[in-house]
Amino acid sequence: MPVYSVIRRMSQPTLSKPVYRIGFYTGIAIVVANMVGTGVFTSLGYQVLGTTSGFALLMLWVVGGVIALCGALCYGELAAALPRSGGEYHYLSHIYHPSIGFLSGWISATVGFAAPTALAAIALGRYTASVWPGAHANLLSVAVVAAITVVHLISGQVGSRFQVVVTVLKISLLVFFIGAGLLAEAQSFSFAPTAEAAQQLLQPSFAVSLIYVSYAYSGWNAAVYMAGEVEQPQRRLPRILLIGTGAVALLYVLLNYVFLRTTPINVLAGQVEIGFLSANQIFGVAVGQLMGLLIALLLVSTVSSMIFAGPRIVQTMGEDLPALRWLAHRSRRGLPVRATLFQAFLTLLFIVSGTFEAVLVYAGFVLNLFTFLTVLGLFVLRWRQPELPRPYRTWGYPLTPLLFLALNAWTLIFLLRDQTLESLLGLATVMLGLVIYAIIYALGAAKKAAVE
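1. Observations concerning unusual backbone geometry
For the peptide bond that leads from Tyr397 to Pro398, omega is 5 degrees, which places it in the cis range. Along the chain, Pro398 falls in the loop between α18 (356-384) and α19 (399-418).

2. Observations concerning the nonpolar core
Core analysis: the largest hydrophobic core is formed by 132 residues, its most contacted members being Phe41, Leu44, Trp61, Phe177, Tyr217 and Tyr252. The element best represented in this core is helix α7 (residues 98-131), accounting for 17 residues. Contacts of Phe41, omitting those with residues within four sequence positions, involve Tyr127, Leu174, Leu255, Phe259, Val272, Glu273, Ile274, Gly275, Ile295 and Leu299.

3. Describing the packing of helix α5 (residues 54-81) against helix α11 (residues 204-217)
The geometry of α5 relative to α11 is characterised by a closest axis approach of 9 Å and an angle of 55 degrees between their N-to-C directions. Put simply, α5 runs oblique to α11. Relative to α11, the crossing made by α5 is right-handed. Between α5 and α11, the residues in contact are Ala56, Met59, Leu60, Trp61, Val63, Gly64, Gly65 and Ala68 and Phe206, Ser209, Leu210, Val213, Ala216 and Tyr217, respectively.

4. Some words on the pattern of salt bridges
A complete count under the given rule lists two salt bridges for this structure. Of the charged contacts, one joins Arg382 and Glu77 as a salt bridge, the two residues approaching to 2.7 Å between their closest N and O atoms. Of this pair, Arg382 sits in helix α18 while Glu77 sits in helix α5, placing them 305 residues apart in sequence. A relative accessible area of 19% means that Arg382 is categorised as buried. In this structure, Arg390 and Glu77 form a salt bridge, with 3.3 Å as the shortest nitrogen-oxygen distance. Here Arg390, found in the loop between α18 and α19, pairs with Glu77, found in helix α5; they are 313 residues apart in sequence, far enough to count as distant. Of the two residues examined, Arg390 and Glu77, each falls in the buried class. By sharing partners, the salt bridges in this structure join Glu77, Arg382 and Arg390 into a single network.

5. Brief notes about helix α14 (residues 274-283)
In terms of residue burial, α14 counts as a mostly covered element, since eight of its 10 residues are buried. Listed in full, the buried residues belonging to α14 are Ile274, Gly275, Phe276, Leu277, Ser278, Ala279, Asn280 and Ile282. The positive-phi residue at the C-terminal boundary of α14 is Gly284, with phi of around 95 degrees.

6. As for the confidence of the model for the protein
Taken as a whole, the protein shows an average pLDDT of 79; of its residues, 86% reach a score of 70 or greater. Mean pLDDT across the secondary structure elements of the protein bottoms out at helix α1 (residues 3-10), with 38, and peaks at α19, with 88. A low-confidence stretch, residues 1-19 stays under pLDDT 50, and its non-local contacts, those more than four residues away or across chains, total 42 contacts.

7. Side note on the packing of aromatic side chains
If you walk through the whole model with that rule in mind, you get 12 aromatic pairs. Between the aromatic rings of Tyr75 and Tyr91, the centroid separation amounts to 6.3 Å while the plane-to-plane angle is 80 degrees, which identifies the pairing as edge-to-face. Residue Tyr75 is located in helix α5, and its partner Tyr91 is located in helix α6 (residues 88-95); the two are separated by 16 residues in the primary sequence. Ring-pair connections join several aromatic residues into one group, and the members of that group are Phe176, Phe177, Phe259 and Phe283. Sitting over the face of the ring of Tyr397, Arg382 holds its NZ or CZ atom 3.7 Å from the ring centroid.

What counts and how
- Residues numbered from 1 in each chain as written.
- Predicted model: local features only at pLDDT ≥ 70, side-chain atom pairs only at ≥ 80, totals over all residues.
- Heavy atoms only, no water.
- Helix = DSSP H or I, 4+ residues; strand = E, 2+ residues; numbered from the N terminus.
- Core = buried A, V, L, I, M, F, W, Y, C linked by side-chain atoms within 4.5 Å.
- Buried < 20%, exposed > 50% of the residue type's maximum accessible area, 1.4 Å probe, protein only.
- Contact = heavy atoms within 4.5 Å.
- Axes fitted to C-alpha atoms, helices over the stretch in contact; angles between N-to-C directions.
- Parallel < 35°, antiparallel > 145°, perpendicular 65-115°, else oblique.
- Left-handed = near helix turned anticlockwise from the far one by under 90°.
- Salt bridge = Lys/Arg side-chain N within 4 Å of Asp/Glu carboxyl O.
- pLDDT = per-residue confidence, 0-100.
- Phe/Tyr/Trp six-rings, centres within 6.5 Å; stacked < 30°, edge-to-face > 60°.
- Lys NZ or Arg CZ within 6 Å of the ring centre and 35° of its normal.

Here is the structure:
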């Protein structure tokens, strides 16, 4: 049998039937919770190191929102045409080749969810330590990941309701924070679109800063990882992606405007606890500490949403690949227990071994690379399978995906040039995944030959 046929047969989906179905509002809550969290509360401190114009800094978040919205529009078509859990793993396997899909799934499992979950937990620990200096930040991060993993292993319904509640609390806090910041006394800082500000938009530092912003927006595609568990995915998934992403883009621009309006850049530069520092300026030290603690508590929502969504990729890979079949197991309640425990283990490794900025850049580069390939796949799928039913078609096609691809390529090129070590480590992770896939393929082919 030809090698390609063996790989194709190995990758044929064996769909499992989850017990609990994800509703429209839960889907939006998962998208919003995945996006709003670590990035927006931490990344501005790194952005102001290379970009100092208020206009250019806000444009970072506007451009990031445009990228995320374009990506959501493109993913909406893919999710409606190929409605199965697994996200990029499922799409790239179908569009290109099972090996590309496997690499995407490998990256999503090891980097796409485990690393951002670790970053959210690390930020939570640091925010708490800022309020209570005696608290052990890393130990708290580990404890939070372990506790939320247990919650999501109890039942899908319990985890889903928990997700909606903490997301509503998080958005309520952000709206209150923005309102208070707009009423607070402003520092002397210009947001005018001057010639100098326009020049900063074309600097390499702006492109590199977009990786931090892209990380903050990552999560706009979260619902597609659970497409097989969403009620009426062809109709609801595109709406979930668009509403969730649009709402978060508006919140991000307003929130960063408040941060810059109330807190001097020299105070923000190089810091992680941006929300805590801004809260001190808006409310004073005493209330600022309380707000810092609330932000730390609501980062629980981000950790929770990633622990909820990430294992679905690993579980789907287990359905397709015999060597990973043990990860496909679902409990009697339809929960991917082993995949959830596997992701929790990887998350804990990142917490105890990585630094915040290095993990952020490393994760951002590789994730952008695979979202680039996925959106490019929209063109490939339309060319190869024009007859495929598409209940939803990307608005603004082909300009929408082309804009997404151009902005992502620009960011990746400058990141590879200016953050070479982290980028190369990301590429090394991809190559390791390719080696693992070759081993899995060899084992599968040998087993099939023995049977025949």
